[in-house]
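# Coordinate inspection notes
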Amino acid sequence: MKVLANDGVSQSGINALEAAGYEVLTTTVAQEQLENYINKNNITVLLVRSATTVRKNIIDNCPSLKIIGRGGVGMDNIDVEYARSKGLKVINTPAASSHSVAELVFGHFYGLARYLHNSNRDMPLEGDANFKGLKKSYAKGTELKGKTLGVLGFGRIGQATAKVAIGAGMKVVAFDPFLEKADLQLDFFDGQKLNFEITTISKEEVLKQADFLTLHVPAQKDYVIDEAEFNQMKNGVIIANAARGGVVNEVALVKAIESGKVARAALDVYEKEPKPEVQLLMNPALSLTPHTGAATNEAQDRIGTELAEQIINILG
């Protein structure tokens, strides 16, 4: 049986599948040629990440397909329910990249708190001629320790981010419409473990209390953070969106930065991916990454291995 990993898969995943007797193809097939390629090569399993979409035409017109796999969490690029109604198995790896996303969020937070996103650009340009001026400009950083992290969406990634926050000495408040409380276990290098119970509160309360705010929600019809939500926040809040483009109103975000309501913000995802608005790219209050939340070697290894295990369990 053949597996097409159209957006790539880790070597650990390839090894596991090949050891079980599967042929793994890692050709990147253009979206418009995908249907033809699957049929021509009698593909049984199609693995994608965020680049490839799997809509009704592929599901209807590719009879050899038995499994569609998404390396990662969100499956909005796959017609999941339709595929399942046609007898296909749809799998993903919701836990594999949680910690990677959490670390990226905190990479942004630490950078924003100390203006690293700007000073890293300014030092090569002005470091020799304007060292004292830059020192003065970036001398009003803040610490994360003792501050409150607000988490909107307290699933696996939200909880992983909360664990990093607790380790950094932050207070955590969280909102999730489907979860009343969560038990977080922090594992330390010497085998010690500490448990924290977080009881969720209202979205409004999270917005009021947060010094730092992070979103970990699925794609939705409406904005999760819009003008009304910005108005409920503390002045000078720092925000990160590493969830999905379109959960934060980017126009309202820029206005909130201009008004001082939002001090600085981090974006890993964008409403107009892969061509983010120029106003975002040029805004000095923004720390930006190109949708790399799950893109660590460790996460990709876990994703590949988990997908392989699920495929082998389903197909035998």
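Located above this text is the structure these notes cover.
A few points on the structure. (Residues numbered from 1 in each chain as written. Predicted model: local features only at pLDDT ≥ 70, side-chain atom pairs only at ≥ 80, totals over all residues. Heavy atoms only, no water.)

## What about the sheet that holds strand β10 (residues 212-215)?
Defined as follows: Strands qualify as paired when DSSP identifies two bridges or more between them. Comment: elements are numbered from the N terminus, with helices defined as DSSP H or I runs of at least four residues and strands as E runs of at least two. Only the stretch in contact is used when fitting a helix axis, every axis being a line fitted to C-alpha atoms; angles between N-to-C directions are given from 0 to 180 degrees. Residues are treated as being in contact if the distance between any of their heavy atoms lies within 4.5 Å.
Read from one edge of the open sheet, six strands run β7-β6-β10-β11-β12-β13, paired in parallel fashion. At either end of the open sheet lies a strand with only one pairing partner, and these are β7 (171-175) and β13 (286-288). Ignoring which end each strand starts from, the neighbouring axes of this sheet average 15° apart. In the sheet, strand β6 (residues 148-152) pairs with β10 via four bridges, with the strands oriented parallel. Along β10, the bridge assignment pairs V151 with T214. The sheet strands contacting helix α5 (residues 98-113) are β6, β10, β11 (237-241), β12 (262-267) and β13, and the helix crosses β11 at an angle near 150°.

## Regarding helix α13 (residues 297-315)
Rule in force here: Under the convention used throughout, the expected extent of a helix is 1.5 Å for every residue step, that is, one less than its residue count. Burial classes: relative accessible area under 20% of the type maximum marks a residue as buried, over 50% as exposed, and values in between as partly exposed (1.4 Å probe, protein chains only). This arc is taken over the directions from the axis of the helix to the C-beta atoms.
Compared with the 27 Å implied by 1.5 Å per residue over 19 residues, the 27 Å span of α13 between its first and last C-alpha is a close match. All buried positions along α13 are accounted for by A299, Q300, I303, G304, L307, A308 and I311. What you see down the axis of α13 is that its buried residues fit within an arc of 165°, all on one side. For α13, the elements touching its buried residues are α1 (11-19), β3 (43-48), β4 (67-70), β5 (89-92) and α5.

## Some remarks on the sheet that holds β5
Across the sheet, five strands lie side by side as β2-β1-β3-β4-β5; this open sheet has parallel pairing. Two strands in the sheet have a free side with no partner beyond their single neighbour: β2 (23-25) and β5. Strand-to-strand twist in this sheet, taken as the mean axis angle between neighbours without regard to direction, amounts to 20°. Judged from the four bridges that link them, β3 and β4 form a sheet pairing that is parallel. Bridge pairing in β4 links V48 to R70.

## Description of unusual backbone geometry
Residues apart from glycine generally show negative phi values, whereas peptide bonds are mostly found in trans. Look at the link from E273 to P274: it is a cis peptide, with omega at 5°. Residue placement: P274 occurs in the loop between β12 and α12 (278-281). In this structure, Y115 is a non-glycine residue whose phi angle is positive, near 60°. Relative to the helices and strands, Y115 resides in the loop between α5 and α6 (116-126). Its relative accessible area of 17% is what places Y115 among the buried residues.

## Quick look at α5
The end-to-end C-alpha distance of α5 is 23 Å, a good match for the 22 Å that 16 residues give at a rise of 1.5 Å each. Buried residues dominate α5, accounting for twelve of its 16 residues. Every buried residue of α5 is listed here: S98, S100, V101, A102, L104, V105, F106, H108, F109, G111, L112 and A113. Downstream of α5 by a residue or two, Y115 has a phi angle that is positive, lying close to 60°.

## Notes on the packing of aromatic side chains
Short version of the rule: To pair, rings of Phe, Tyr and Trp, with the six-membered ring standing in for Trp, must have centres within 6.5 Å; the planes then decide the type, stacked if under 30 degrees apart, edge-to-face if over 60, and tilted in the middle.
Per the stated rule, a full pass over the model turns up four aromatic pairs. Ring plane angle 55° and centroid distance 6.2 Å describe the contact between F106 and Y110, whose orientation is recorded as tilted. Highlighted residues: F106 and Y110, both in helix α5, separated by four residues, approximately one helical turn. F106 gets classed as buried once you look at its relative accessible area, which sits at 3%. Since its relative accessible area comes to 42%, Y110 is described here as partly exposed.

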